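Examining the three-dimensional arrangement
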Amino acid sequence: MGGRDSDLVLLDENGIRCDGRKVDETRNISIKAGVLKNANGSAYIEFGDNKILAGVFGPRDVHPKHMSDTDTGIIRCRYHMSPFSVTERKNPAPSRREIEIGKVIKEALRPAVMLEKFPRTAVDVYVEVLQADGGTRCAALDAASVALADAGIPMRDMVSACAAGKVADTIILDVNNEEDQAGQADMPIGYMPNLGKVTLLQLDGVLTPAEFKKCLETGIEGCKQVYEIQKQALKDKFFANGEQ
Amino acid sequence: MSDNQAIPGDKIAIIEEYEGGKNTFEDGHNVRATVVGTTEIDKKNRIALVHNLKFTGIPEVNDIVVGTVAAVMSSMIAVSINYVNNNRTKSNVECICQTRHLRKKNVALVNDVVVLKIIAHKNGTIHATISEPELGVLYTKCKKCGGKVIPMRDAIKCTECNWIDERKLSNNFGKSNFVKLGE
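Quick caveat, the model's predicted, so the values are computed rather than measured.

**Some remarks on the state of the cysteines**
- Applying the stated criterion across every chain, the model contains zero disulfides over all chains.
- Among the cysteines around A:C215, which has no disulfide bond, A:C162 carries the closest sulfur, lying 10 Å off.
- For A:C215, a relative accessible area of 0% puts it in the buried group.
- The cysteine B:C145 is free of any disulfide, with B:C158 supplying the nearest cysteine sulfur at 3.4 Å.

Next comes the structure, spelled out in structure tokens:
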């Protein structure tokens, strides 16, 4: 960890990062809800240079039937990176990393979605990464959460996600691809802002207990900023022009 | 957000003042919205609820559903739901309907289009009833030749082979505006 690319200055003496942001600044985020006609709910997010589309189907009957649960519904998530999403062509077959991120997103959404209202059914979340630039799991989780709300699926709270990390011994908010590759730590966080509960917490790297605490607090602040944008996206979809 | 607009997680009332109604949940202190919608505060009954702006495709109690019979058992039928309160649903969920009390040989057969009323969600299963005059078979064909049928009092008669068969017919048999799902 740290300093793999010696030419790249991740953080200069003025506290400005390699892409011109301050340490506590997120990339530009825009979210649009209801972009797909054929899905029950959908959302498109641009998180810096990440471009991600999420579609939700369900609640619907479960196939294969043996996967259904008589007491509750199930949530399934497919995270997929398009072959053109990265600089070198990515094999479109599901990789170990994609399967893991699909699982992580599913587990981050599960505490929020009230699946017990729909026994024997499934909610399917499909995430397609069109362009990747570091932090796709957080951006995908943000889009999936908006898509679930757009589908009318009952949720305890929205799930907002943002990463924090450590570069040049400094805790930063919203880690980009360069900082992820060459930085010292990366901590994606999923958070339910109204309930104040963390649904996703991963850490790649080494932090002291004090740094861990600061990193978590920084990430949660980022999640709160993302939540305002998610809220605005849903408001634009459902309540624009006085339409209800 | 303006006063009556809510998204999941928004606080719409506190539990000391209001009970949580439809599309809400209580977190121990507050009543919160679970869906995107408009809030309604019923001050008389002290209930706070949210009107969902999206239809999930899963029927609720007292909803009228139209579906295709998927299986017929000795004392019940399983119906794959296609419409909930006249709204098309692609969720393909099934409900079951007890037919033991009807004392008919055939209440409905596989692929018949039936209209039912949802009575309960129990043990993870949607239960429906067919025991009201407007509930029952909306569309069927002759089981012998596949020809068109006409209703007789509590039965149907094939216009081609004159086969007479029992069914629990709806008042709206043959009059329905629904797409003939069985075709």
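**Quick look at the confidence of the model for chain B**
Residues and elements named next belong to chain B.
- When the pLDDT values of chain B are averaged, the result is 90; 95% of them are 70 or greater.
- The least confident element of chain B is strand β10 (residues 87-88), whose mean pLDDT is 88; the most confident is strand β5 (residues 30-33), at 96.
- With a pTM of 0.91, the predicted complex shows an ipTM of 0.89.

**Side note on the environment of A:G73**
Residue and element names in this part refer to chain A.
- Note on placement: G73 falls in the loop between β3 (50-61) and β4 (74-81).
- When its relative accessible area of 5% is taken as the criterion, G73 is described as buried.
- Along the sequence, G73 and K117 sit 44 residues apart, while their C-alpha atoms lie 7.4 Å from each other.

**Let's talk about the environment of A:C18**
Residue and element names in this part refer to chain A.
- By the secondary structure assignment, C18 is in the segment before β1 (29-33).
- Classification of C18 as partly exposed rests on a relative accessible area of 30%.
- Between the C-alpha atoms of C18 and E178, which are 160 residues apart in sequence, the distance is 8.0 Å.
- Leaving out residues up to four positions away in the same chain, C18 has contacts with L8, V9, L10, N176, E178 and E179.

**A look at the packing of helix α2 (residues 136-150) of chain A against helix α4 (residues 209-239) of chain A**
Residue and element names in this part refer to chain A.
- Their axes nearest at 10 Å, the elements α2 and α4 cross at an angle of 35°. For the element pair α2 and α4, the recorded crossing hand is right-handed. Together, D142, S145, V146, A149 and D150 of α2 and V226, Q230, L234, K237 and F238 of α4 make up the contact between the two elements.
- When the residues that make up the contact of α2 with α4 are grouped by side-chain class, the tally is five nonpolar, two polar and three charged.

**Details of the domain arrangement of chain B**
- The assigned domain composition of chain B is domain 1 (5-52) and domain 2 (64-166).
- Each of domain 1 of chain B and domain 2 of chain B has a C-alpha centre, and these two points are 37 Å apart.

Rules of the game
Residue numbers restart at each chain and count upward from 1, following the sequence in its written direction. To read the labels, note that chains go from A and ligands from 1, taken in the order they are written. Given that this is a predicted model, residues contribute local features only at a pLDDT of at least 70 and side-chain atom pairs are listed and counted only at 80 or more, while totals for whole chains, interfaces and linings are drawn from all residues. Side-chain figures throughout are based on the complete set of non-hydrogen atoms in the structure, without hydrogens or water. Only a pair of cysteine sulfur atoms within 2.5 Å counts as a disulfide in this structure description. Exposure classes here rest on a 1.4 Å probe applied to the protein chains alone. A residue is buried below 20% of its type maximum, exposed above 50%, and partly exposed in between. pLDDT: the predictor's confidence for each residue, scored from 0 to 100. Runs of H or I in DSSP of at least four residues are treated as helices and runs of E of at least two as strands, each being numbered from the N terminus. Contacts: residue pairs with any heavy atoms within 4.5 Å of one another. Only the stretch in contact is used when a helix axis is fitted, and all axes are lines through C-alpha atoms; the angle between N-to-C directions ranges over 0 to 180 degrees. Crossings are assigned a handedness: left-handed for a near helix turned anticlockwise from the far helix by less than a right angle, right-handed for a clockwise turn. In the scheme used here, Gly and all other residues not listed as nonpolar or charged are polar, with Ala, Val, Leu, Ile, Met, Phe, Trp, Tyr, Cys and Pro taken as nonpolar and Asp, Glu, Lys and Arg as charged. Those domain boundaries reflect an automatic or database domain assignment.

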